[in-house]
Amino acid sequence: MKKIVTLLMALVLMFGVAGCSNSDSKKSNNGKKDTSSSVKIKTVKDFTEFDGLIKYYTIGDEKISVPETVGEYTNYLSQIGTVTLNETGKDPSEVDLDAKGISSMAAYLKVETEDGDEAHFYVRYENKTNKSIKVSEAPVTYIEVRYDAYAEVEYDRAFNNIKVVTSAGTLPLDNKMEFNKVRKILGEPYQETDGRFNYADDNGYKYMFDCCNENREGIFRGFSIEYPSK
């Protein structure tokens, strides 16, 4: 009889400890975001040409791939300088993006070189999951690159050594290429609005080449890529 009582007491204590353990575990997760870290972020070593109208672009000698994630874009731009998100002063891997969250329309990666130059590389992204993730893990939905010697802000006229490599030829983004040369290389756009040429490919990507005529004599001053919805 004593053995049975002792066994029952041992079982009660065991379940009690297990119950306390589960309770503590739940408390420790209280107030914390459920985050994901399963996204593979490509590095510079993973470089491949993009299967689209724009293959990649270069800044000086460095190749910049058309990125899948913000983290991948950060890795490529880090070849040029220190990269931070907007005005946070933080690397995108240090910034949270809520579940189902999206970037602002004017989001950008700030690149600061050792020489003190600063440029903004515009990027939009989203989190389609039900978990909070780091911005670096977020899929990219749009990128835009500018160089305009007439821009009022310095960060849109920081780098004049950008070249855009397309399936039809290379376009130097140095404010010397006129709109008629861009059209000759790329062919007729499906739409043109105020010197902005719009193209699309079979994969659903949309490309805009900005050759705005206003006070600029139709020079090529930037491009954007809009990603298809998935």
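The preceding data block contains the structure.
Since this is a predicted model, take the numbers as computed values, not measurements. (Residues numbered from 1 in each chain as written. Predicted model: local features only at pLDDT ≥ 70, side-chain atom pairs only at ≥ 80, totals over all residues. Heavy atoms only, no water.)

A. Layout of the side chain of Lys55. On the secondary structure map, Lys55 appears in strand 1 (residues 54-59). Of the side chains with opposite charge, Asp51 lies nearest to the buried Lys55, which makes no salt bridge, at 4.4 Å. Apart from residues lying up to four places away in sequence, Lys55 is in contact with Glu49, Phe50, Val66, Val165, Thr166 and Ser167. (Helix = DSSP H or I, 4+ residues; strand = E, 2+ residues; numbered from the N terminus. Buried < 20%, exposed > 50% of the residue type's maximum accessible area, 1.4 Å probe, protein only. Lys, Arg positive; Asp, Glu negative; His and termini not counted. Salt bridge = Lys/Arg side-chain N within 4 Å of Asp/Glu carboxyl O. Contact = heavy atoms within 4.5 Å.)

B. Molecular detail of the packing of aromatic side chains. Evaluated as defined, the whole model comprises 9 aromatic pairs. Both rings, one in Phe47 and one in Tyr56, keep their centres 5.4 Å apart while their planes meet at 85 degrees; by these two values the pair is edge-to-face. Its relative accessible area of 22% is what places Phe47 among the partly exposed residues. Overall, the relative accessible area of 10% leaves Tyr56 in the buried class. When the ring of Tyr57 is compared with that of Phe223, the centres are 5.6 Å apart and the planes differ by 70 degrees; the resulting orientation is edge-to-face. Of this pair, Tyr57 sits in strand 1 while Phe223 sits in strand 14 (residues 222-226), and the two are 166 residues apart along the sequence. Classification of Tyr57 by relative accessible area gives buried; the value is 2%. By relative accessible area, which is 1% here, Phe223 ends up buried. (Phe/Tyr/Trp six-rings, centres within 6.5 Å; stacked < 30°, edge-to-face > 60°.)

C. View of the pattern of salt bridges. If you walk through the whole model with that rule in mind, you get 12 salt bridges. Across the salt bridge formed by Arg183 and Glu188, the nearest N and O atoms sit 2.9 Å from each other. Here the salt bridges do not stand alone but share partners, grouping Asp148, Arg196, Asp210 and Arg221 into one network.

D. The arrangement of the environment of Asn161 in detail. Counting through the fold element by element, Asn161 comes out in the loop between strand 8 (140-146) and strand 9 (162-166). Put simply, Asn161 and Pro172 are 11 residues apart on the chain and 7.7 Å apart in space, counted from C-alpha to C-alpha. Discounting chain neighbours no more than four positions away, the residues touching Asn161 are Thr58, Ile59 and Gly60.

E. View of the sheet that holds strand 10 (residues 170-173). Spatially, 2-1-9-10 is the arrangement adopted by the 4 strands of the open sheet, whose pairing is antiparallel. This sheet does not close on itself; its edge strands, each paired only once, are strand 2 (62-65) and strand 10. Averaged over all pairs of adjacent strands, the angle between their axes in this sheet comes to 25 degrees, without regard to strand direction. As paired elements, strand 9 and strand 10 share 4 bridges and run antiparallel to each other. (Pairing = 2+ DSSP bridges. Axes fitted to C-alpha atoms, helices over the stretch in contact; angles between N-to-C directions.)

F. Highlighting a negative patch on the surface. A surface patch of negative charge is lined by Glu114, Asp115, Asp117 and Glu154. Mapped onto the elements, Asp115 comes out in the loop between strand 5 (108-112) and strand 6 (118-125). Overall, the relative accessible area of 72% leaves Asp115 in the exposed class. (Patch = residues over 30% accessible without salt bridge, like charges linked within 9 Å, V, L, I, M, F, W, Y side chains within 5 Å. Areas by Shrake-Rupley, 256 points an atom, 1.4 Å probe, with all protein chains shown as cover. Charge placed at Lys NZ, Arg CZ, Asp CG, Glu CD.)

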